[in-house]
Protein chains: 2
Amino acid sequence: MRRNWSTLHELLLPMAAGQPGGPPDQPRYQRPGRALEDQLRGMVRAGRLHPGARLPSTRDLAGQLGLARGTVSTAYAQLIAEGFLDARRGAGTFVAAVTPDAKDARHAPEAGLPRRFDLTPGLPSLAEFPRTAWTRAARAALSTLADDQLGYPPPAGLLSVRAELAAYLGRVRAVSATTDQVVVTHGTIDSLATLASELRGDGHRRIAVEDPANPHVLRTLTLHGLTPVPVPVDRHGIQVDQLPDCRLALVTAAHQYPLGVALSPARRRSIIDWARRRDGLVIEDDYDSEYRYDRPALTPLQALAPDRVVYLGTSSKTLAPAIRLGWLVAPGPLADAIAERKRLTDRGASALLQATFGELLRTGGYDRHLRRTRPIYRRRRDAFLAAVAKELPGWKPAGIAAGMHVVLNLPQKLDDTTIAEQLAAQGIHLDPLSHHVQKLPRPPGLVCGYAGLTEDRLRAAVADIARCVRNQAPLH
Amino acid sequence: MRRNWSTLHELLLPMAAGQPGGPPDQPRYQRPGRALEDQLRGMVRAGRLHPGARLPSTRDLAGQLGLARGTVSTAYAQLIAEGFLDARRGAGTFVAAVTPDAKDARHAPEAGLPRRFDLTPGLPSLAEFPRTAWTRAARAALSTLADDQLGYPPPAGLLSVRAELAAYLGRVRAVSATTDQVVVTHGTIDSLATLASELRGDGHRRIAVEDPANPHVLRTLTLHGLTPVPVPVDRHGIQVDQLPDCRLALVTAAHQYPLGVALSPARRRSIIDWARRRDGLVIEDDYDSEYRYDRPALTPLQALAPDRVVYLGTSSKTLAPAIRLGWLVAPGPLADAIAERKRLTDRGASALLQATFGELLRTGGYDRHLRRTRPIYRRRRDAFLAAVAKELPGWKPAGIAAGMHVVLNLPQKLDDTTIAEQLAAQGIHLDPLSHHVQKLPRPPGLVCGYAGLTEDRLRAAVADIARCVRNQAPLH
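Before going into details, it helps to say that this report is about the structure given with it. (Residues numbered from 1 in each chain as written. Chains lettered and ligands numbered in written order. Predicted model: local features only at pLDDT ≥ 70, side-chain atom pairs only at ≥ 80, totals over all residues. Heavy atoms only, no water.)

## What to know about the sheet that holds strand 13 (residues 405–409) of chain A
Residues and elements named next belong to chain A. Applied cut-off: The pairing criterion for strands is at least two bridges between them, as found by DSSP. Starting at the N terminus, helices and strands are each numbered in turn, a helix being any DSSP run of H or I of at least four residues and a strand any DSSP run of E of at least two. Two residues form a contact once any of their heavy atoms are found within 4.5 Å. Axis definition: a line fitted to C-alpha atoms, over the contacting stretch in the case of helices. Angles run 0 to 180 degrees between N-to-C directions.
Strands sit in the order 12-13-16-15 across an open sheet of four strands; the sheet is antiparallel. Each end of this open sheet is capped by a strand with a single partner; those strands are strand 12 (397–398) and strand 15 (431–432). Relative to strand 13, strand 12 is paired through two bridges, and the arrangement is antiparallel. When the sheet's bridge partners are listed, Ala398 is paired in strand 13 with Val407. Of the strands in this sheet, strand 12, strand 13 and strand 16 (445–449) are in contact with helix 14 (residues 365–391), which crosses strand 13 at around 15 degrees.

Right, dumping it as structure tokens:
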């Protein structure tokens, strides 16, 4: 059921008229249009405006509500930026098919949506979280912290944990890092937000990003002052010869997100050359490199050019996102600047969490967890691919050699957003590929995380997905 | 020993000439002047430029180094903003008496400075941290989290913890909060940084702050887009009739930091009126209200005007700063905006930490800890005040009725920075009052935190402080 815009007016009008039913006298600290924006966002969140519903034109709504047209445009633009609305060129403004809240809800089980099969990409198997080892490490870590280490932590992280991380990353990833170059963060989004703010302060305005890419990452960069400029990805990774006129690039070189390709050796050299020539920096998001199945390890870009690359890692893909710990390795002066910024932003990550993670690193518990989960994820990947080969023969899953997700490319005539919505209604959660794509045309596909489901359940999920796809009417 | 500026040139010149001894070919992503800035900051940090040393004029240094004068001015300005340098009107630019690093070192024991008596204000007794109760709560919390709660936490915090906090704050502080209005943060600096960024986005540029105030807080506000405008504090608190032409104010109403006075009932009413009249907001930092000794509880401003006040609290003053958990209570639409900003900034606070803290709240462990430490801090305060009365008769310690610190006002002719430095050289750490003051004249004083030392040690520390003060030559 889609509401038409007369319903929208009906819902919004009390606000304009100041009648009961409009927002109760909320604080009026807002910028112009903020009240309208809050009201619209609230209606989308509450389900009073349905996904896909078309909004009235800015002119019509402004006229009806007695607002300036610019006020309405500003509110629409803000909600488009936040992902609640979608602008379709020539067709108008619509409620987004998958709103940020719906996406969050999949990561936020407190929202209580029923989910039979959660194939949301980017999550490890949460059932495999090493609860016992974590609890033991937490107790040991707290007992080794001196009283005065319970004060404010050094903003770059505990020295001992930064040293453990530098050694670990050198050993398993050939990252070239001294302790001074490591900064502990709240995870990759925090690393990116802090870097973006700092680089913006250094005069940067634009950053080249892969297309497709993680939309949450792009929104984070935008909020913190850098405009992402999409650069297409082919089977050799980001097309370095199409990098725009800027001095920053963000890449997922080892395992492109979401397509899963690896940046080719030639492109690796040329993106480093690009950075050197322009006096620039490459940010390398090494988000899931711990999991590799059918190919040798790829040296990170950072190892090729430690002076030109900022390396990002996280515990969210190996342990659990709930921990909120990540790290970055940056050239010394930038690492210092980031630490200083953290001192004036959040005073760094919890010493208790850091020491617990450091204890897992030090005692080999982290390595053991990776050794234990790697074959589990590999078996799950194999089961998922076998089920796809059986249920959807002819489909070519992409990005299968590493990581925890696979892309199922759909025939061009199918609409991945519709399929994802229909699947969600059946309790099957995954991401449409088109939501990751900036430049048209948007190839349809399904981004499926397989790490969290057992083999039996993966087979059942693929059977349901196949049934749903077979029933699709092609796009007109 | 103070180095003169010929030494500074000697140290800096290799950089300008590109000779060995200058920075090794560091990445050149910096803005103009950044290399000079890094070099100077490094020299202050390494102790190669001593506190109090006078820097050459921008004209002289630019001439010697072959740089544009504006480049040198920019570097000086940046380092003044960061607290490494001090500008004294008409006298030139000096290395700051207490640099940010020195301040941090006191909170960052990894730096390894010897400290006999740590009277740094703003810290609870770290020896009283309830290690056993925390470990037990952490284990219980992890066992109650469902697997899918180990995914990304809701950016505003776990629903259960926000509900516990709303109930707790309502019960002990009469804060008027629904669960929706509570956002869990990484502590007060994170709360302030996030609020500042959000309010800046709403068009705010300036915020009224108390003078004196916590300088770290002022630097955080500045970095995140709000210019602090100092407003003098008298014995009734901030002088509301001197609030500037802006729509934001930050106050420590229950226990002014650092002076310790309480905002009078008349001023409370008038600051709320001010906010209503201007369509503004008051941010209330209720940093240590858990500790009160000789006076009844003061209702927070938030309870008087929940639609006009953002309330901030933290676990740093009750449990330990190492935990990194705080909270804010804001009018609904602002709380939503803050949560959305956190989603795109750091994805919220660790679910493991939140659940552990929630478990302490739920089981009464937090209350028990407060009940246990309150009389300890009270006895320590009494011992500290008795020692001051004996060793420094005639001094009038201020702000003694609550909290964990006291201000010792010095005779006008003494220089509190010099005294603090001399004490630090003897391993006694406290903050000079003048570092908290924006507008001249800066009354000298010593801000002493007494929570962390036993009564015997407090008496010994006061004896040493008295000896040091008695030996002071008055300022010329």
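## A few points about the nonpolar core
The criterion, for reference: What makes a nonpolar core is a set of buried Ala, Val, Leu, Ile, Met, Phe, Trp, Tyr and Cys residues whose side-chain atoms join them at distances within 4.5 Å. Three labels apply to residues, based on accessible area from a 1.4 Å probe with only protein chains included: buried if under 20% of the type maximum, exposed if over 50%, partly exposed otherwise in between.
Phe384 of chain A together with Phe384 of chain B are the most contacted members of the largest nonpolar core, which totals 138 residues. Non-local contacts of Phe384 of chain A, meaning those with residues more than four positions away in its chain, are made with Leu119, Val406, Leu408, Cys448, Tyr450, Leu458 and Val462 of chain A.

## Some remarks on the packing of aromatic side chains
Remark: the centre distance and the inter-plane angle together describe each pair of aromatic rings, the angle taken between the planes. All names here are of chain A. Our working rule: Aromatic pairs are defined between Phe, Tyr and Trp rings, using the six-membered ring for Trp, whenever the two ring centres lie within 6.5 Å; interplanar angles under 30 degrees are classed as stacked, those over 60 as edge-to-face, and all others as tilted.
By the definition in use, this model includes 14 aromatic pairs over all chains. With centroids separated by 5.6 Å and ring planes inclined at 90 degrees, the aromatic side chains of Tyr257 and Tyr287 adopt a geometry described as edge-to-face. Here Tyr257, found in the loop between strand 8 (248–251) and helix 10 (265–278), pairs with Tyr287, found in the loop between strand 9 (281–285) and helix 11 (301–304); they are 30 residues apart in sequence, far enough to count as distant. Assessed through its relative accessible area of 8%, Tyr287 is described here as buried. An angle of 50 degrees between the planes, with centres 4.8 Å apart, marks the rings of Tyr291 and Tyr377 as tilted. Residue Tyr291 is located in the loop between strand 9 and helix 11, and its partner Tyr377 is located in helix 14; the two are separated by 86 residues in the primary sequence. A relative accessible area of 0% places Tyr291 in the buried class.

## Let's talk about the state of the cysteines
Should the sulfur atoms of two cysteines be covalently bonded, the bond is a disulfide. As a reminder, the rule being used: The rule for a disulfide is simple: a pair of cysteine sulfur atoms within 2.5 Å.
The final tally for this structure, using the stated rule, is zero disulfides over all chains. Of the cysteine sulfurs around Cys468 of chain B, a residue in no disulfide, the closest is that of Cys448 of chain B, at 12 Å.

## Focus: the interface of chain B and chain A
The condition is simple: Here's the idea: put two parts together, see how much 1.4 Å probe accessible area each one loses, and the total over both is what we call buried area. What counts as a salt bridge is simple: a side-chain nitrogen of Lys or Arg found within 4 Å of a carboxyl oxygen of Asp or Glu. Counting of polar contacts relies on pairs of N or O atoms within 3.5 Å, with two restrictions inside protein: one atom must be capable of donating a hydrogen and the other of accepting it, and residues adjacent in sequence are counted only when both atoms are side-chain atoms. In this classification, the charged set is Asp, Glu, Lys and Arg, the nonpolar set is Ala, Val, Leu, Ile, Met, Phe, Trp, Tyr, Cys and Pro, and all remaining amino acids, among them Gly, are polar.
Contact with chain B, which involves 81 residues of that partner, is made by 81 residues of chain A. The junction of chain B with chain A conceals about 7,500 Å² of combined surface from both sides, 55% of it contributed by carbon and sulfur atoms. At the junction of chain B and chain A, the tally comes to two salt bridges. A salt bridge links Arg131 of chain B to Asp147 of chain A; the shortest N-O distance between them is 3.0 Å. For the pair chain B and chain A, the interface holds 30 residue pairs in polar contact (both at pLDDT 80 or more). At the level of secondary structure, the elements contributing two or more residues to the side of chain B that touches chain A comprise helix 2 (34–45), helix 5 (100–107), helix 6 (131–144), helix 7 (159–173), helix 8 (188–201), helix 9 (215–223), helix 12 (332–343) and helix 13 (351–363) of chain B. Among the elements that line the side of chain B that touches chain A, the one with the most residues is helix 12 of chain B, at seven residues. Taken together, the residues of the side of chain B that touches chain A sort by class into 36 nonpolar, 17 polar and 28 charged.

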